[in-house]
Structures are given as structure tokens and as C-alpha cells.
Amino acid sequence: MLKISNLTKTYAGNDKSAIENISLEVSDGEIFGFIGPNGAGKSTTIKCMTGILNFESGHIEVDGFDIKTKAIEAKRRMGYVSDNHAIYEKLTGIEFLNFMCDIFGVDSATRGEKLKKYLEFFELEKAIGDPIKSYSHGMKQKLNIIGALIHSPKNWILDEPLLGLDPKSSFNLKKLMKEHAKAGNTVFFSSHMLEVVEKICDRIGIIDHGKLIACCTVAELKNSEVKQSLEDLFLSITGSGKNPKAEKEEQDFSNGAEPTEINGDDEAKQ
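Analysis parameters
Residues numbered from 1 in each chain as written. Predicted model: local features only at pLDDT ≥ 70, side-chain atom pairs only at ≥ 80, totals over all residues. Heavy atoms only, no water. Pairing = 2+ DSSP bridges. Helix = DSSP H or I, 4+ residues; strand = E, 2+ residues; numbered from the N terminus. Axes fitted to C-alpha atoms, helices over the stretch in contact; angles between N-to-C directions. Polar contact = N/O pair within 3.5 Å; in protein donor to acceptor, adjacent residues only side chain to side chain. Core = buried A, V, L, I, M, F, W, Y, C linked by side-chain atoms within 4.5 Å. Buried < 20%, exposed > 50% of the residue type's maximum accessible area, 1.4 Å probe, protein only. Contact = heavy atoms within 4.5 Å. Expected span 1.5 Å × (residues − 1). Parallel < 35°, antiparallel > 145°, perpendicular 65-115°, else oblique. Left-handed = near helix turned anticlockwise from the far one by under 90°. Nonpolar A, V, L, I, M, F, W, Y, C, P; charged D, E, K, R; others polar.

Asker: Explanation requested: the sheet that holds strand β10 (residues 211-217) in the structure shown.
Answerer: Sheet strands pair by backbone hydrogen bonding; their relative direction is either parallel or antiparallel. The six strands are arranged β6-β7-β8-β3-β9-β10 in an open sheet whose pairing can be described as mixed. Two strands close off the open sheet at either side, each with one partner strand: β6 (78-81) and β10. When strand polarity is set aside, the average angle formed by the axes of neighbouring strands in this sheet is 15°. Note: β6 against strand β7 (residues 155-159), four bridges, orientation parallel.

Asker: Is there a simple way to explain the environment of serine 134 in this structure?
Answerer: Tracing the backbone shows serine 134 in the loop between α4 (108-121) and α5 (137-149). Residues serine 134 and lysine 90, spaced 44 residues apart in sequence, show a C-alpha to C-alpha distance of 9.4 Å. A polar contact of 2.6 Å, which involves the side chain of serine 134, links it to the backbone oxygen of proline 131.

Asker: Got a minute to help me understand the nonpolar core in this structure?
Answerer: When a protein is soluble and globular, its nonpolar side chains tend to lie buried together. Leu143 and Phe189 are the most contacted members of the largest nonpolar core, which has 46 residues in total. With five residues, α5 is the single largest residue contributor to this core. Setting aside residues up to four positions removed in sequence, leucine 143 forms contacts with Ile87, Gly93, Phe96, Leu97, Leu124, Ile128, Ile132 and Tyr135. By size, the runner-up hydrophobic cluster in this structure holds 25 residues, among which are Leu24, Phe34, Phe55 and Ile60.

Asker: Could you clarify how one ought to interpret helix α6 (residues 167-182) in this entry?
Answerer: An α-helical segment advances 3.6 residues per turn. Residues three or four places apart therefore align on the same side. Given a rise of 1.5 Å per residue, 16 residues ought to cover 22 Å, and the 23 Å separating the end C-alpha atoms of α6 matches this to within 8%. For α6, the full list of buried residues reads Ser169, Ser170, Asn172, Leu173, Leu176, Met177, His180 and Ala181. Looking at where α6 begins, the residue whose side-chain oxygen comes 3.2 Å from the main-chain nitrogen of lysine 168 is aspartate 166. Just downstream of α6 lies glycine 184, where phi reads positive at about 95°.

Asker: Teacher, can you tell me more about the packing of helix α3 (residues 93-103) against α4 here?
Answerer: Geometry of a packed helix pair, given as the angle between the helix axes and the separation of the axes. Across the interface, α3 lies against α4 with an axial gap of 12 Å and an inter-helix angle of 135°. Between α3 and α4, the crossing angle belongs to the class labelled oblique. As α3 runs across α4, the sense of the crossing is right-handed. Contact residues: α3 offers Ile94, Leu97, Asn98, Cys101 and Asp102, while α4 offers Arg111, Leu115 and Leu119. By residue class, the composition of the contact of α3 with α4 is five nonpolar, one polar and two charged.

See below:
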């Protein structure tokens, strides 16, 4: 349902690519975790996938629709949660959600049903009539998530979706992600919470210095050959020796190592 082929993106004024020759596919019914140090290219890849950023080479398809040539069709089939709360703070919560429903053509009956479900699920019923500018960081994140899911998109593309959520809301979102994949849909999300990624993902991609350096299933982490946690694997193959949370301000777009093979079953993808 999501396919990236030889994706390269270079920002103006930079000699080196932010991401280089990225290729991967996420299948129906799969939760795919995308991890790497800050500055490695995670958000750049996601912004290219969602059509926010243009890119000079490669192809991205969402349910078979090219993000460049069939942008509207592709975007209608995705729900995107950004890492920076891209919402209109002068609106009230309900005005923002109705705006999102209007954009994606959600009819009134479905709209009422979905709003009731998600507002109760994320405990926003009492605040939904208040201006967004009065919301806390966590409340804005909840509203952002509801806005991305309100039209029941087949593909969820989530950039650090758990950041700022309270434990109950975090648990509920993870539950929704599992249910969405179980119904035959796709979840693609980035996170620095490696324990969460290891627990709920079917496959994991690790990006470093703009290149996809490894791609493996969670089951491979637990076989007799590897015997590593995701955190151990992450640190060993990125060679940083540091926890990714400690690299939050790093913006390094230099070229990295060639993709490596986790074991003989699945080849890492470029």
C-alpha cells in the first residue's frame, strides 16, 4: 500500500542529500516502524511521502497512486500526523475537526459517529469547543491525531505520534494502530521510543545519515543468531554508541554506510 523507490531529496544550499536512494515497501496489514537519530532523514522521508516536500529523484506510491502525478488521489488515502502540531490555533477544536471532515468529504452521519468515538477515546469532549490556542501540548497532539483519522484512511503515516500523550492516550493510540493493521490497512510511523517500536511493529527500518541501512522483522531480533534488543541493534549498526533521544538536535546529512543484512532470511533494502 506504500511504496518508495530510489527516493533522494537534497535541500537547497546543501551539498549532501538529506536522504539518498531510499527504497522500501509497506504491505497491507503491516505496522512499520521507522527509526534513526534526529537529522537522519526520518521526517524528510515522511514529508516526501505525504507530498509536503518535493524531491528530485525517485517515486512514491500510495495505493498505486504516484504522489507527484496523482497527488489528490494519493493524499485522500492517507492520514498524516505531523511532528509539529500543524493545526490552526485560532479555531476551536470542533471547528478544526469539521474543517478536516469537509476537506476529506466525510458525510454528516459518519462525521457524528467518528467524532463521538474519537473524542471519548481521547477524552476531549469537554474541551472540544475551546480555542485550540488554549490547549496543552498533549491536547493538541490528540486533536492532530483525530484530524488525521477522522476520514478512515487506509494508510496511517505518523511522525512521532506518541510524543506528548499521557499514558492512557498512548495506550489507546497503540490499540488503534493494531486494530487498523489487523483490518488489512497500513501503519507507518517514526518514533524514538524503541521499546514501543519493538513491541508493536511487524517490520522495522533504520535510517542513518540519509540512508536506509537496515530493514528487518521483529522476529529476526529474537532469533538465535541475533539475540539483541532493538536498542542494541540500533546502536550497533548506526555506530553512534548513543541513545537516539540524546541526539535530538543533531542535523547531520553526510553519507552513511551501505545497507547491511540482518540475517540470511531478509535482505536489507536500499
